[in-house]
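# Structural description and commentary
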Amino acid sequence: MSISGMYMLNTSQFEEKKIEAALEMLYVDRKNEFRELSHVLLSEKALKSMLNWKEFVLNFSLDVESAFKSWSGQSPLTVSSPQKALTILRQLGHDKTSMNQLTHLLNISYNLSLEFKEIYRRLK
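First, a word on what this report is: a plain description of the structure on this page.

The rules behind each value
- Residues numbered from 1 in each chain as written.
- Predicted model: local features only at pLDDT ≥ 70, side-chain atom pairs only at ≥ 80, totals over all residues.
- Heavy atoms only, no water.
- Helix = DSSP H or I, 4+ residues; strand = E, 2+ residues; numbered from the N terminus.
- Polar contact = N/O pair within 3.5 Å; in protein donor to acceptor, adjacent residues only side chain to side chain.
- Core = buried A, V, L, I, M, F, W, Y, C linked by side-chain atoms within 4.5 Å.
- Buried < 20%, exposed > 50% of the residue type's maximum accessible area, 1.4 Å probe, protein only.
- Contact = heavy atoms within 4.5 Å.
- Phe/Tyr/Trp six-rings, centres within 6.5 Å; stacked < 30°, edge-to-face > 60°.
- Lys NZ or Arg CZ within 6 Å of the ring centre and 35° of its normal.
- Expected span 1.5 Å × (residues − 1).
- Salt bridge = Lys/Arg side-chain N within 4 Å of Asp/Glu carboxyl O.

### Looking at the side chain of Ser 81
Structurally, Ser 81 can be placed in helix H4 (residues 81–93). A polar atom in the side chain of Ser 81 sits 2.8 Å from the backbone nitrogen of Thr 78.

### Some details on the nonpolar core
Across soluble globular proteins, nonpolar side chains have a tendency to be buried as a group. Counting residues in each nonpolar core, the largest one holds 29 residues, and the members touching the most others are Phe 34, Leu 37, Leu 92 and Phe 116. Those elements giving two or more residues to this core turn out to be helix H1 (16–41), helix H3 (53–71), H4 and helix H5 (99–122). Sequence-distant contacts of Phe 116, that is, excluding residues within four places in its chain, are made with Leu 9, Phe 14, Ile 19, Ala 22, Leu 23, Leu 26, Leu 58 and Leu 62.

### Some words on the packing of aromatic side chains
Enumeration according to the criterion identifies six aromatic pairs in this entry. Each ring, one from Phe 14 and one from Phe 116, has its centre 5.7 Å from the other, and the planes form 55°; the classification is tilted. With Phe 14 in the segment before H1 and Phe 116 in helix H5, this pair connects stretches of sequence that are 102 residues apart. With centroids separated by 5.5 Å and ring planes inclined at 70°, the aromatic side chains of Tyr 27 and Phe 34 adopt a geometry described as edge-to-face. Overall, Tyr 27 belongs to the buried group, its relative accessible area being 13%. For Phe 34, a relative accessible area of 0% corresponds to the buried category. Sitting over the ring of Tyr 27, Lys 54 keeps its end group 4.3 Å from the ring centre.

### Considering H1
Its 26 residues give H1 an end-to-end C-alpha distance of only 23 Å, which falls more than 12% under 38 Å, the value for a rise of 1.5 Å per residue. As for H1, its buried residues are in contact with helix H2 (44–49), H3, H4 and H5.

### Looking at the pattern of salt bridges
One pass over the full model with this rule turns up eight salt bridges. In this structure, the salt-bridge partner of Glu 115 is Arg 30, at a minimum N-O distance of 2.9 Å. Here the residue Glu 115 occupies a position in helix H5, and Arg 30 occupies one in helix H1, the gap between them amounting to 85 residues. Assessed through its relative accessible area of 28%, Arg 30 is described here as partly exposed.

Shown next, in the form of structure tokens:
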């Protein structure tokens, strides 16, 4: 497993061994959600060649949760908050035809992040 370049996972808040264990546990129950997000975020070519696609999807999900905290006023806005919000919406909204589809993907991302953090917290 490699978390280099995964700025949400590559912080002092997380340990690599626990990330790996929590991610595997989460993937067992949420593999359909991981696959759905991966098909939206990555091209087929990138998906086939990327060994750490699950970490990429998890990192994106943690980013969505962080952005939501800014949007809802739970954390202060940063200089990059507007760019981050537009990037997330653009990535998820590509080829979507309704706000319901976009909201569905945002909900999946947010829930994966929360579940990962809960699993991570419970690991010793």
